[in-house]
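One-letter residues, chain by chain:
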Amino acid sequence: MAGPDRLTIGGFLARLAFALLVVGATYNPTRYSYYAWARDTGWQWRPPIVLVGVVLLIGWVICLRLTLRSMGGIGLLLANALLAAFFWLLADWGWLPIENVGAISWIGLASVATILAVGMSWSRLRGRPALPA
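Just so it is clear, the model here is predicted, and its values are computed rather than measured. (Residues numbered from 1 in each chain as written. Predicted model: local features only at pLDDT ≥ 70, side-chain atom pairs only at ≥ 80, totals over all residues. Heavy atoms only, no water.)

Peer 1: Kindly report on helix H3 (residues 47–92), identifying the contributing residues and their values.
Peer 2: Between the first and last C-alpha of H3 there are merely 45 Å, a value that for 46 residues lags more than 12% behind the 68 Å anticipated at 1.5 Å per step. The sharpest bend along H3 comes to roughly 95°, located at Gly-72. Of all the positions in H3, only Ile-49, Gly-53, Leu-56, Gly-59, Cys-63, Thr-67, Ser-70, Leu-76, Ala-79 and Leu-90 are classed as buried. Phi for Gly-94, located one or two positions after H3, is positive at around 85°. (Helix = DSSP H or I, 4+ residues; strand = E, 2+ residues; numbered from the N terminus. Expected span 1.5 Å × (residues − 1). Bend = angle between axes of the 7 residues up to and from the residue. Buried < 20%, exposed > 50% of the residue type's maximum accessible area, 1.4 Å probe, protein only.)

Structure representation (structure tokens):
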């Protein structure tokens, strides 16, 4: 049985779901994102838009702070570089639909969310929490 500071599958999936929510709600290629909502209003900052923006900003700060504390800036940079090189290789082989902007956007969003989830979980994998108890 895992100790209280060990990572479980459920813990990782919860972090992944949170990261997907934050990333996907901020921007996605559909009309159901914060970016599309703010753009459609002509960038007129009304109270609902500002409130949702602050909530999303809080989510981003949580994700990025935990990721940076556990992986560090270099680790975050290397994770992004690794995925970028991997997707470049897949595109070069013709396995990615690079002409489909929506598909590439979803792949990028899933990649960012996965990097954040791994980053938020990394300290648990190493056996020490990112934040002091």
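Peer 1: Describe unusual backbone geometry, listing the residues and the values that go with them.
Peer 2: In this structure, Trp-43 is a non-glycine residue whose phi angle is positive, near 60°. In this structure, Trp-43 sits in the loop between helix H2 (34–40) and H3. Judged by its relative accessible area of 40%, Trp-43 is partly exposed.

Peer 1: Mind laying out the environment of Ile-98, listing which residues take part and the relevant values?
Peer 2: Relative to the elements of secondary structure, Ile-98 occurs in the loop between H3 and helix H4 (101–126). In sequence terms Ile-98 and Arg-39 are 59 residues apart; their C-alpha atoms lie 25 Å from each other.

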